[in-house]
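This is what each chain is made of:
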Amino acid sequence: MNDSAGSINSPRRRVSRRTMLFGAGGLVIGAGVTESANLLTGSGSSGGSDDSAVVAVPSPGEELMTEHGVLKRILLAYRACSDRLAAGADVPAGALLDGAQLVADYVESFHEGLEEAYVFPRLRADSRYAALIETLLVQHDRGRHLTAGILAVAAGDLSARAADVPGPARSARTALKTQLDQFVRMYEPHEAWEDTVVYPALRAATSGRVLNELAERFADEENRQFGDAALARIVQRVAGVEQQLGLADLNTFTPNP
Amino acid sequence: MSGAVPALAVAVVAAVVAALVAVLVALLAACGSPKAAGPNGTNGPAGDALLQLPAPTQVVVQTRIVPGLGTVLTDSTGHTLYMFSPDARSRVSCTGSCAGTWPPLAVAKGSTPTAGSGVEASQLGTLADPNSGADITTYARYPLYRYAGDVSAGTANGQHLFLNGGPWYAMSPDGTPVVAAE
């Protein structure tokens with residue numbers, strides 16, 4: 001839905017982050033403080049973390065890759081759920097449901113919507129990318145249907161007890177494992193291709209002015225749909241999923257020497 | 001001491017001037033911004049330039065049988081047309097990124113969509129489309145959209161997807177959502 005309060009639909013005029021940067025730039029120039037100018041451009045030697053008013057807007061590619069990071073962490077959770085299903089163990093339904101709902105809301109409605117609205121149309125007419133874009137669109141659709149299936153099954157009995165008794169619950173566990181595996185197998189290369197081919201192609205094919213406008217739009221839409229500090233709150237939800245699945249400690253992924 | 005006072009005064013004046021310049025620059029930037037939000041979060045009556053949506057002068061709504069669904073409305077290329085439940089009461093609630101996944105069946109301002117075989121002309125209409133800046137074709141007062149996941153004609157992959165805050169259904173020729181199958 002696109003008509004929430006405080007949205008970019010609001011008739012009142014918004015001061016964009018780029019406008020704030022522009023204004024801050026004027027302050028810097030007026031005061032002749034070159035160190036602050038360095039903070040604006042991300043250069044200089046001060047570290048630049050003490051001026052909270054000066055925040056660079058992520059480029060469209062950076063924003064989309066950050067969202068891919070969220071998806072990667074959910075893929076890890078999906079793989080852990082699949083392993084539990086294969087082992088006949090309990091699957092924490094809350095973790096799976098929240099992970100799948102994040103995929104539906106943040107990845108499939110929002111992130112993929114950005115790609116379908118602002119990225120793919122800019123590349124589809126280029127014969128070098130037309131077939132790839134079509135494949136990515138088909139995969140978005142397949143992912144949405146897999147997610148619908150995962151959400152439907154995840155609401156049922158995923159206990160280890162269900163794995164022992166022939167019947168609908170055991171069949172559901174088997175079907176769920178297949179859906180999770182298919183989702184992970186499809187999205188790992190999917191996001192890798194987007195990161196290494198599609199986003200660089202967008203950058204090459206788009207003027208700096210439009211890239212800046214896209215960056216603003218992506219940030220606006222994220223705030224409109226998920227509120228302020230959207231990424232932090234989304235990552236917090238992902239962390240909650242990881243906590244339930246025993247994946248919260250990054251150290252556990254480090255191999256022993 | 002006597003030399004320090006003028007220096008301090010100059011610094012204060014410089015700071016005040018800098019602040020005024022900053023405020024002025026910010027105001028000018030806001031006034032001249034091409035991204036000033038208009039109705040529905042777009043660039044005003046001209047539509048959302050970042051979306052690059054075409055609005056042809058000729059739009060024909062047709063019907064087609066889709067396996068598993070029966071007869072549904074399609075555009076002139078045979079792509080299934082969908083309605084979005086939150087659009088009830090003749091509104092266009094799918095804007096921005098949503099309009100990428102569900103591109104509106106836009107038609108140029110002043111043009112009238114045409115009914116193909118099996119389509120009731122009296123059900124066709126238009127609404128202002130904040131995405132294209134033109135109009136969006138409506139049927140039974142619901143705006144019509146395609147689905148980005150229908151990469152080929154004759155499919156209805158968007159049927160009964162819950163996306164962008166609501167369920168999506170193919171539109172039947174009688175002006176009701178197709179809900180019989182997925």
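Just so it is clear, the structure is predicted and the values come from calculations on it, not from any experiment.

Draft legend 1. Representation of a nonpolar patch on the surface. A cluster of nonpolar residues, Leu76, Leu250 and Phe253 of chain A, forms a patch on the protein surface that exposes about 310 Å² of accessible area. Relative to the elements of secondary structure, Leu76 of chain A occurs in helix α3 (residues 60–86).

Draft legend 2. Local environment of the environment of Ala93 of chain A. Residue and element names in this part refer to chain A. Considering the arrangement of structural elements, one finds Ala93 in helix α4 (residues 93–123). The class for Ala93 is partly exposed, based on a relative accessible area of 27%. Taking the C-alpha atoms as reference points, Ala93 and Leu151, 58 residues apart in sequence, are found 10.0 Å from one another.

Draft legend 3. Layout of the pattern of salt bridges. Following the criterion strictly, the structure yields 13 salt bridges over all chains and no others. Asp181 of chain A is the salt-bridge partner of Lys177 of chain A, the closest N and O atoms lying 2.5 Å from each other. Remark: Asp181 of chain A and Lys177 of chain A occur in helix α7 (residues 168–205); sequence separation between them is four residues, near one turn of the helix. Since its relative accessible area comes to 32%, Asp181 of chain A is described here as partly exposed. Of the charged contacts, one joins Arg217 of chain A and Asp48 of chain B as a salt bridge, the two residues approaching to 2.6 Å between their closest N and O atoms. Placement of the pair is Arg217 of chain A in helix α8 (residues 208–226) and Asp48 of chain B in the loop between α1 (4–32) and β1 (60–66), with the two residues belonging to separate chains. Like Asp48 of chain B, Arg217 of chain A is buried.

Draft legend 4. Structural context of the nonpolar core. By size, the foremost hydrophobic cluster in this structure holds 60 residues, and its most contacted members are Tyr78, Leu96 and Val198 of chain A. If you list the elements that add at least two residues to this core, you get α3, α4, α5 (130–154), α7, α8 and α9 (230–245) of chain A. If you tally residues by element for this core, the top one is α4 of chain A, at 14 residues. Once residues within four sequence positions are removed from consideration, Tyr78 of chain A is found in contact with Leu96, Gly99, Ala100, Val103, Ile150, Leu180, Phe183 and Val184 of chain A. Counting residues in hydrophobic clusters, the runner-up holds 18 residues, among them Val72, Phe84, Trp168 and Val178 of chain B.

Draft legend 5. Fine view of the sheet that holds strand β3 (residues 82–84) of chain B. Residues and elements named next belong to chain B. The three strands lie next to each other as β3-β10-β9, forming an open sheet whose pairing is antiparallel. Each of the sheet's edge strands pairs with one partner strand only, and the pair in question is β3 and β9 (162–163). The pairing of β3 with strand β10 (residues 166–170) spans three bridges and is classified as antiparallel. Counted as the bridge partner of Met83 is Tyr169 from β10.

Draft legend 6. Representation of the confidence of the model for chain B. Mean pLDDT over chain B works out to 83, with 73% of the residues at or above the 70 mark. Counting interchain partners and residues more than four positions distant, the pLDDT-below-50 stretch residues 25–44 of chain B has 42 contacts.

Draft legend 7. Representation of the sheet that holds β1 of chain B within the structure. Residues and elements named next belong to chain B. The sheet built from three strands is open, its strands ordered β2-β1-β5 with mixed pairing. With one partner strand each, in any of the chains shown, β2 (70–74) and β5 (114–115) form the two edges of the open sheet. Summarising the sheet, β1 and β2 pair through five bridges and their orientation is antiparallel. Looking at the pairing, Val66 lines up with Gly70 of β2.

Draft legend 8. Layout of the packing of α3 of chain A against α9 of chain A. All names here are of chain A. Relative orientation of the contacting elements α3 and α9 amounts to 15°, with a least axis distance of 10 Å. Taken together, the axes of α3 and α9 lie roughly parallel to each other. Between α3 and α9 lies a crossing of left-handed hand. Here Thr66, Val70, Arg73, Ile74, Ala77, Cys81 and Arg84 of α3 lie close against α9, whose contacting residues are Leu231, Ile234, Val235, Val238, Ala239, Val241, Glu242, Gln244 and Leu245. Among the residues forming the contact of α3 with α9, the class breakdown is 11 nonpolar, two polar and three charged.

Calculation rules
Residues numbered from 1 in each chain as written. Chains lettered and ligands numbered in written order. Predicted model: local features only at pLDDT ≥ 70, side-chain atom pairs only at ≥ 80, totals over all residues. Heavy atoms only, no water. Patch = residues over 30% accessible without salt bridge, like charges linked within 9 Å, V, L, I, M, F, W, Y side chains within 5 Å. Areas by Shrake-Rupley, 256 points an atom, 1.4 Å probe, with all protein chains shown as cover. Salt bridge = Lys/Arg side-chain N within 4 Å of Asp/Glu carboxyl O. Helix = DSSP H or I, 4+ residues; strand = E, 2+ residues; numbered from the N terminus. Buried < 20%, exposed > 50% of the residue type's maximum accessible area, 1.4 Å probe, protein only. Core = buried A, V, L, I, M, F, W, Y, C linked by side-chain atoms within 4.5 Å. Contact = heavy atoms within 4.5 Å. Pairing = 2+ DSSP bridges. pLDDT = per-residue confidence, 0-100. Axes fitted to C-alpha atoms, helices over the stretch in contact; angles between N-to-C directions. Parallel < 35°, antiparallel > 145°, perpendicular 65-115°, else oblique. Left-handed = near helix turned anticlockwise from the far one by under 90°. Nonpolar A, V, L, I, M, F, W, Y, C, P; charged D, E, K, R; others polar.

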